[in-house]
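Structure at a glance
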Amino acid sequence: MGNCFFSQDKNTNVRVSLPAVCFVWEIAMVVLFGIFVRYNEEADAHWGEYKKTHNITTDMENDFYYRYPSFQDVHVMIFVGFGFLMTFLKRYSFGAVGFTFLIAAFGLQWALLMQGWFHSLDYSTGKILIGIENLINADFCCGGVLIAFGALLGKVSPVQMMVVSLFGVTLYAVEEYIILNLLHCRDAGGSMVIHTFGGYYGLAISWILYRPNLNKSKHLNGSVYHSDLFAMIGTLFLWLFWPSFNSAIANHGDGQHRAAINTYISLAASVVTAVAISSMTEKRGRLDMVHIQNATLAGGVAMGASAEFMISPYGSLIVGFFCGIISTFGFKFVSPFLEKHLKLQDTCGIHNLHAVPGMLGGFISAIVAAMASESVYSKEGLIATLGLEGNYANRGAGTQGGYQAAGTCVAMVFGIVGGAIVGLILKLPIWGDPADDNCFDDEVYWEVRICLMNGKRF
Amino acid sequence: MGNCFFSQDKNTNVRVSLPAVCFVWEIAMVVLFGIFVRYNEEADAHWGEYKKTHNITTDMENDFYYRYPSFQDVHVMIFVGFGFLMTFLKRYSFGAVGFTFLIAAFGLQWALLMQGWFHSLDYSTGKILIGIENLINADFCCGGVLIAFGALLGKVSPVQMMVVSLFGVTLYAVEEYIILNLLHCRDAGGSMVIHTFGGYYGLAISWILYRPNLNKSKHLNGSVYHSDLFAMIGTLFLWLFWPSFNSAIANHGDGQHRAAINTYISLAASVVTAVAISSMTEKRGRLDMVHIQNATLAGGVAMGASAEFMISPYGSLIVGFFCGIISTFGFKFVSPFLEKHLKLQDTCGIHNLHAVPGMLGGFISAIVAAMASESVYSKEGLIATLGLEGNYANRGAGTQGGYQAAGTCVAMVFGIVGGAIVGLILKLPIWGDPADDNCFDDEVYWEVRICLMNGKRF
Amino acid sequence: MGNCFFSQDKNTNVRVSLPAVCFVWEIAMVVLFGIFVRYNEEADAHWGEYKKTHNITTDMENDFYYRYPSFQDVHVMIFVGFGFLMTFLKRYSFGAVGFTFLIAAFGLQWALLMQGWFHSLDYSTGKILIGIENLINADFCCGGVLIAFGALLGKVSPVQMMVVSLFGVTLYAVEEYIILNLLHCRDAGGSMVIHTFGGYYGLAISWILYRPNLNKSKHLNGSVYHSDLFAMIGTLFLWLFWPSFNSAIANHGDGQHRAAINTYISLAASVVTAVAISSMTEKRGRLDMVHIQNATLAGGVAMGASAEFMISPYGSLIVGFFCGIISTFGFKFVSPFLEKHLKLQDTCGIHNLHAVPGMLGGFISAIVAAMASESVYSKEGLIATLGLEGNYANRGAGTQGGYQAAGTCVAMVFGIVGGAIVGLILKLPIWGDPADDNCFDDEVYWEVRICLMNGKRF
């Protein structure tokens, strides 16, 4: 475990920079939370008084009980789902699950602030008032950053990932504000704001950080039997809790109910078609774990923006059907093409699981919104589901569809431009990133107890 | 990884058959969902109107909030629980978790239709109206099929498993209709309809598919250290969420509450007695992982049909006590006997975990139902718990007990006869099943990256 | 796998003692449950009548719906969280997860009785009436015992652990009664009653059982790559569900809501500072998995007693900030010191994760309680949150703070004195504990299928 494992042309020592970044940012969080963050009326001890003044008769009406079970599922998806999905590399599992832990734990604090300023500011006091929905949104925001991590996995230092998180959360909060508040798009499960943005953000960074000699680490850029099984833990918890993800901040009642059903159905179809294409494109019909781990989830990504809509069960099935196919094809053919011809190294294939299905999900939601009618939704239902209230009372379904499409483009632009800028920042030679022959190797940033057998590392 | 690993007497190439089956069936799903499946009134955008016309004052009364947390637990049990429980084989973990994923994702779609026609059909429109309870029931139905998979694990092709699923779901829906609707049995946790049926269905198929030369794959029919740990993930999530399984579709209020308590207690007792018997029957008192992974769950299986009843906490404890013992004895002595003398090869020992405890659970529920009285349940409670309403208002507790026993027998007959027929279909030489010396080996149906060390596969 | 692996100076055969203990205790449970345990009014079939007589209009008001989702999260923490967290040892993963399973499954039954006698006894009938809150408290109690197991991991027999559980649960129920009922402390997340007690209980036992020659098993007292990943499953499920742990038995409404938010925030800060200190104290800034697996959780432990209080989000952040630092320093410097100079062998480092952060959490709650005021809490909120009702209506916030500190000391004393006594009992030479050169080895108590490669065990 001596120097022999480390090439000398890059300094990967993060003993000063990583603790420095962690402490500076965490202290900033303490100060900013102290100035800005308080409990909202449902989490504050004044809730008893609030209930009386608002004629609420039971604690069960506290939003906590509507959303907490979904929040916990989302929480598992972010840390266990994303974390373990990325453990598939044979020698980068510590980095996958450990850096996910760090990125998301830091990111959610910054997200509470950034999203709070945009969405939960009490203008009379200047305070951000947080409740369960803020926690869900902070987790969502970290999801966007972790998608980007998928493209960079194994090629960046933890310090770089802290930078990616800081800027990623900031950009996310802005694009989210533009898409959800200014354009007034509906995007309960984040096809646009999470997947499209996160996907293109990661791809743009990865494109800027292109490593021509990455094949020096080729022997580590793959899985072993048990690392593929650990990854399946991630896949399954993502797949299972995706109905909660898409319904977590949907409208109370039928909104959450319908979002869960649509996502459940769409995901089921993705599995079947992903298996079909995987088998069809491999020798002797053998299945490829990469496809099973990833493309099976495409239906959940694409259903994000339409989950609350009356897309109907067969509509959900069709979305999952095609996205399972498109995503598997992407892993099989598009990713190798992008790497060869566009110099885009995408470790986890987020192009095929997040960027493209997310974008498709945005456009699908445009179509579904444009087709919405009072006969299908009821008058009241249409207003509630498309949010055509207040300033937007005069917006028709067709117009809403146009805005859904526009929102998707905004997410893409934010991802690409923001990612390119962050990528350039990360090119500075101060972040401790690994050399080309040290990529995908936990030993660079982790104390690893090596098993030697007959002189070979195992 | 060349041809040397494959014997030439069987063609395991599924490159045409697997994609063909997946696409044909998935397209059929799209068409049938298009014709039949719609949202029910609690998931439809008309919910706002429905609330008004039915004097419902809060969204919290939407069945989603009563059942969604339990649904998510059941969902985890089906995919993570069953999937990982079966990863114990040293070289069939991809197949265990991957085929579970495929089977259940396809099966739940077909179950939504089959169960929908029997239980959720709106006769005025001819549409199946689905809500959260349908999703739970679809997952339950897949549970039955996955139990059968446990007996067949490692010996069948994915195409065969798709056939097992198609017929299994169909048979399940019919026996469920007979048991729950025609016989009007109570079976909230599915001792009869899930475990007894699924257990005997799998055993019958396995009996028909008996392989006299299976010992050619003997070296792969066992666990290694880490595969046993992966299996414990499955065991624990099954054990932990079983209270949700047995209470998921129980009556609102005390029904769900009591079902969860009974199952929690019964499972705890199973663990202690399974450990005791395991230690007692092994050299030096050492514990066997097979028993810990399986027999600890027997109390949950057996409590399925009685979970809602006033069996009382010590009653639950007694059920778990004996089922932990019986199941462990089954793994230790009965399974080897069945294999040797009845030519029944049961990879996961579902005979001991599902078939027998499920059947016992059915008969236990008969006794508990027959002993029910108004003094214990209250008048209203007895009617609600035993379902003695409408056409069944005149049925006494004793009669209900008789029907519970009859229902158990129906489940057994459906499992055995249905399994025998499906087994014969699977004997056709077109399904790509593995040769006797290729069983329990992921390389037949999966792209596996092999680690070679000193020329030996590892 | 023959005798060569076992030293002859200790008899580790538990073939009589383990089954005997299991059966005797389980039969005792059946008898005691038969005499004492019944359903409470929310789980009993009389709930329908109860609703009417208490003017409850909806089943949703059943406490089941307020607490069941949190209960399931706690349940996962106890069995998967604790169980897998301790799998980090290279050759004791079966023992970690298997004995956790046994201990908790037995312990929860005894806890239902012990805690029932103190808290849920219906004096008119002499029956313990249980509901969902009793299940949560029983799981909590097992948590305390499992913390103690962390100190003893690999050095005791399963029979010894059954003794530790029996006495641990008993002591827990008594100290809990003193702290929560007699001193009337507030401790929703159990900083005092669970972590402080459990931590010092385990440390005291381990101190009594000091093994001077434990370094004979040194080669097994460490992790390998995949065992560290299994441990991360435990870490993450503990970390993710800790908000449910601390809010599970908090007050309905704002109490549960606030407890979840505070814990979520505190834990996030712990991750960032634990990473910082870990990197700062290792060569080249490399992270140590031991710190990531453990110290990241310290914020949840320390927030236990204050979770319900209006500590405010930045207060939570500060608690997590410092506890992440203190805990990581503990693992790095204090544990080696304790082992060398105080003869305290603490396998999992519970001193740093439970004992110290738990004690700090108790004292933090004293300060926060003492500073509570009506302007921050509202009059009604102060009464509800500090429980200043009935006999305690005249107790001021400052006095309550004093009692919180006193409660912490009671927990510590119970842990140390109780643990010392139990440790002496465990020194009797009848329990089948392993010899010094057989510690941390699953083969002593488990049937392990060994992989031999070139004559070396692997």
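In the block above lies the structure referred to throughout.
Residues numbered from 1 in each chain as written. Chains lettered and ligands numbered in written order. Predicted model: local features only at pLDDT ≥ 70, side-chain atom pairs only at ≥ 80, totals over all residues. Heavy atoms only, no water.

Remarks on the overall build of chain A
Rule in force here: Helix and strand definitions follow DSSP, with helices as H or I runs of at least four residues and strands as E runs of at least two, each counted in order from the N terminus. Note on method: radius of gyration uses C-alpha positions; expected globular size equals 2.2 Å times residues raised to 0.38. For the exposure calls, accessible area comes from a 1.4 Å probe over protein chains only, and a residue counts as buried if that area is under 20% of its type's maximum, exposed if over 50%, partly exposed in between. Each accessible area value is a Shrake-Rupley result obtained with a 1.4 Å probe; residue values ignore everything except the protein chains displayed when judging cover.
Across its full length, chain A carries 16 helices and five strands. Relative to the compact-globule value of 23 Å for 458 residues, chain A shows a C-alpha radius of gyration of 22 Å, a close match. Its C-alpha atoms put chain A at 75 × 55 × 35 Å along the principal axes. The 458 residues of chain A split such that 71% are buried. Accessible surface computed for chain A: about 13500 Å², of which carbon and sulfur atoms make up 63%.

Focus on the sheet that holds strand E3 (residues 127–130) of chain A
Residues and elements named next belong to chain A. We count it as follows: For two strands to be treated as a pair, DSSP must find no fewer than two bridges joining them.
Taken together, three strands build an open sheet; the order of strands is E1-E3-E2 and the sheet is mixed. Whereas interior strands pair on both sides, the edge strands pair on one side only; in this sheet they are strand E1 (37–39) and strand E2 (121–122). Two elements, E2 and E3, share two bridges in a ladder whose sense is antiparallel. Its bridge partner being in E3, Asp122 is matched across the sheet by Lys127.

A word on the relation of the copies chain C and chain A
Heads up, the condition is: Only residues with pLDDT of at least 70 in both copies count here: their C-alpha atoms drive the least-squares fit that superposes the copies. Whether two residues touch is decided by their heavy atoms; if any such pair falls within 4.5 Å, the residues are in contact.
If you rotate chain C by 120° and push it 0.0 Å along the axis, it lands on chain A with an RMSD of 0.0 Å. Look at the turn and shift together and you get a three-fold axis relating the two. Measuring from the rotation axis to each C-alpha of chain C, the shortest distance belongs to C:Pro69, at 3.6 Å. When the interface residues of chain C are mapped onto chain A, a mere 13% of them again lie at the interface, so each copy presents a different face.

Looking at the sheet that holds strand E2 (residues 121–122) of chain C
Residues and elements named next belong to chain C. This is how the line gets drawn: Axis lines are fitted through C-alpha atoms, for helices just across the contact stretch, and the angle between N-to-C directions can take any value from 0 to 180 degrees.
Strand order across the open sheet formed by three strands is E1-E3-E2, with mixed pairing between neighbours. At either end of the open sheet lies a strand with only one pairing partner, and these are strand E1 (37–39) and E2. The strands touched by helix H1 (residues 17–36) within the sheet are E1 and strand E3 (127–130), with E1 carrying the most contacts at an inclination of about 55°. Against the sheet, helix H4 (residues 93–119) makes contact with E1, E2 and E3, and its axis sits at roughly 105° relative to E3, the strand it touches most.

Describing the environment of C:Asp288
We apply this condition: Any pair of N or O atoms that falls within 3.5 Å is considered a polar contact. Within protein, one atom must be able to donate a hydrogen and the other to accept it, and sequence-neighbouring residues count only if both atoms are side-chain atoms.
The topology assignment puts C:Asp288 in the loop between helix H9 (254–281) and helix H10 (289–294). Sequence spacing of C:Asp288 and C:Lys332 is 44 residues, and the spatial spacing of their C-alpha atoms is 9.7 Å. Those residues within four positions of C:Asp288 in sequence are excluded, and the remaining contacts are A:Glu447, A:Arg449, C:Ser278 and C:Glu282. Within the structure, the side chain of C:Asp288 is placed 2.9 Å from the backbone nitrogen of C:Val290, a separation counted as a polar contact.

Overview of unusual backbone geometry
All names here are of chain A. Even without being glycine, Asn55 reaches a positive phi, approximately 55°. Position of Asn55 relative to the elements: it lies in the loop between helix H2 (47–53) and helix H3 (63–85). For Ser378, which is not a glycine, the phi torsion comes out positive at approximately 75°. Note on placement: Ser378 falls in the loop between helix H14 (374–377) and helix H15 (379–386).

A word on the interface of chain B and chain C
Rules: Using a 1.4 Å probe, buried area is obtained as the accessible area two parts lose upon being combined, added over both of them. A side-chain nitrogen of Lys or Arg and a carboxyl oxygen of Asp or Glu constitute a salt bridge if their distance falls within 4 Å.
Contact with chain B, which involves 78 residues of that partner, is made by 81 residues of chain C. Together, the buried faces of chain B and chain C total about 7000 Å²; carbon and sulfur atoms form 71% of this surface. Of all residues in chain B, B:Tyr225, B:Tyr264 and B:Arg284 give up the largest surface area on contact with chain C, accounting jointly for 13% of the area buried on that side. Viewed at the interface, chain C and chain B are joined by two salt bridges. With its nearest N and O atoms 2.8 Å apart, the salt bridge here joins C:Lys52 to B:Glu380. Seen at the junction of chain B and chain C, the total is 28 residue pairs in polar contact (both at pLDDT 80 or more). Within the residue set of the side of chain B that touches chain C, elements represented by two or more residues are helix H3 (63–85), helix H8 (225–247), helix H9 (254–281), helix H10 (289–294), helix H12 (313–341), helix H14 (374–377) and helix H15 (379–386) of chain B. Broken down by element, the residue count for the side of chain B that touches chain C peaks at 20 residues, all from H9(B).

Overview of the packing of aromatic side chains
Aromatic ring pairs are defined here through the distance separating the ring centres and the angle between the ring planes. As a reminder of what qualifies: Two aromatic rings, drawn from Phe, Tyr or Trp (for Trp, its six-membered ring), form a pair once their centres lie within 6.5 Å of each other, and the interplanar angle then sorts them: stacked below 30 degrees, edge-to-face above 60, tilted otherwise.
For the coordinates displayed, the defined rule picks out 87 aromatic pairs over all chains. Plain terms: the ring middles of A:Phe64 and A:Tyr65 are 5.2 Å apart, the flat faces sit at 90° to each other, and that makes the pair edge-to-face. For A:Phe64, a relative accessible area of 2% gives the class buried. A relative accessible area of 8% places A:Tyr65 in the buried class. Seen from their ring centres, C:Tyr172 and C:Phe197 are 6.1 Å apart, and the 70° between their planes marks the pair as edge-to-face. Highlighted residues: C:Tyr172 in helix H6 (residues 158–182) and C:Phe197 in helix H7 (residues 191–208), separated in sequence by 25 residues. C:Phe197 carries the same exposure label as C:Tyr172, and that label is buried.

Brief notes about helix H15 (residues 379–386) of chain C
Residues and elements named next belong to chain C. Stated precisely, the cut-off is as follows: Arc definition: directions from the helix axis to the C-beta atoms.
Taken together, the buried positions of H15 are occupied by Gly381, Leu382, Thr385 and Leu386. Buried residues of H15, viewed axially, fall in a sector of 105°; they line one side. Each element contacted by the buried residues of H15 is listed here: H9, helix H13 (350–370), helix H14 (374–377) and helix H16 (397–426). After H15 finishes, the residue Gly387 shows a positive phi value of roughly 65°.

Details of the interface of chain C and chain A
We count it as follows: When residues are grouped by polarity, Ala, Val, Leu, Ile, Met, Phe, Trp, Tyr, Cys and Pro land in nonpolar, Asp, Glu, Lys and Arg in charged, and all others, Gly among them, in polar.
Each partner contributes to the interface: chain C provides 79 residues, whereas chain A provides 81 residues. Counting the surface chain C buries against chain A, the share from its top three residues, C:Tyr225, C:Tyr264 and C:Arg284, is 13%. Between the two partners, chain C and chain A, sit two salt bridges. Among the salt bridges present, the one from A:Glu447 reaches C:Arg286, with a minimum N-O distance of 3.6 Å. Counting across the interface, chain C meets chain A through 28 residue pairs in polar contact (both at pLDDT 80 or more). When contributions to the side of chain C that touches chain A are tallied by element, the ones reaching two or more residues are helix H3 (63–85), helix H8 (225–247), H9, H10, helix H12 (313–341), H14 and H15 of chain C. Each residue belonging to the side of chain C that touches chain A can be placed in one class, and the counts come to 45 nonpolar, 22 polar and twelve charged.

Let's talk about the environment of A:Ala96
All names here are of chain A. Note that Ala96 resides in helix H4 (residues 93–119). Judged by its relative accessible area of 0%, Ala96 is buried. Taking the C-alpha atoms as reference points, Ala96 and Gly150, 54 residues apart in sequence, are found 8.9 Å from one another. Non-local contacts of Ala96, meaning those with residues more than four positions away in its chain, are made with Gly83, Met86, Thr87, Phe149 and Leu153.

Remarks on the state of the cysteines
For clarity, the threshold we go by: Cysteine sulfurs are considered disulfide-paired once they come within 2.5 Å of each other.
Under the criterion given, the structure shown has zero disulfides over all chains. Unpaired in terms of disulfides, A:Cys142 finds its nearest cysteine sulfur in A:Cys141, a separation of 5.8 Å.

So, the pairing of E3(C)
Residue and element names in this part refer to chain C. Taking every second residue as pointing to the same face, the buried face of E3 carries Ile128 and Ile130, while none of Lys127 and Leu129 on the other face is buried. Of the pairings in the sheet, the one linking E1 to E3 comprises three bridges and is parallel in character. Of the residues in E3, the one forming a bridge with Arg38 is Leu129. The hairpin formed by E2 and E3 contains four residues between the paired strands, and Gly126 there has a positive phi angle of roughly 75°.

Things to note about the pattern of salt bridges
Counted by the stated rule, this structure contains 33 salt bridges over all chains. As a salt-bridge pair, B:Asp63 and B:Arg67 come within 3.3 Å of each other at their nearest N and O atoms. Placement of the pair is B:Asp63 and B:Arg67 together in helix H3, with a separation of four residues, close to one helical turn. Taken individually, B:Asp63 and B:Arg67 each receive the classification buried, so the pair is uniform in this respect. Connected through salt bridges with shared partners, the residues A:Lys10, A:Arg211, A:Asp433 and A:Asp436 form a single ionic network.

Here's the deal with the side chain of A:Arg258
Looking at where A:Arg258 falls in the secondary structure, it is placed in helix H9 (residues 254–281). Beyond its immediate stretch of four places on either side in the chain, A:Arg258 contacts A:Ala307, A:Glu308, A:Phe309, A:Met310, A:Thr385, B:Tyr39, B:Ala43, B:Asp44 and B:Ala45.

Description of the packing of H8(B) against H9(B)
Residues and elements named next belong to chain B. Note the threshold: Rotating anticlockwise by less than a right angle from the far helix to the near helix defines a left-handed crossing, while the corresponding clockwise rotation defines a right-handed one.
Taken N-terminus to C-terminus, the directions of H8 and H9 make an angle of 145°; their axes are 8 Å apart at the nearest point. With respect to the hand of their crossing, H8 and H9 are arranged in right-handed fashion. Of the residues in H9, those in contact with Trp239, Trp242, Pro243, Asn246 and Ser247 of H8 are Gln256, Ala259, Ala260, Thr263, Tyr264, Leu267, Ala268 and Val271. Its residues placed into classes, the contact of H8 with H9 shows nine nonpolar, four polar and no charged.

Things to note about the environment of A:Met303
One can find A:Met303 in the loop between helix H11 (298–302) and helix H12 (313–341). The spatial distance from the C-alpha of A:Met303 to the C-alpha of A:Ala276 is 21 Å, given a sequence separation of 27 residues.

Here's the deal with a nonpolar patch on the surface
Using the following cut-off: The patch calculation keeps residues exceeding 30% relative accessible area without a salt bridge and links them within 9 Å when they carry like charges or within 5 Å when they are nonpolar (Val, Leu, Ile, Met, Phe, Trp, Tyr).
Among the surface-exposed residues, A:Tyr314, A:Ile318, A:Phe322 and A:Ile326 lie close enough to one another that they form a single nonpolar patch of about 330 Å² accessible area. Structurally, A:Ile326 can be placed in helix H12.

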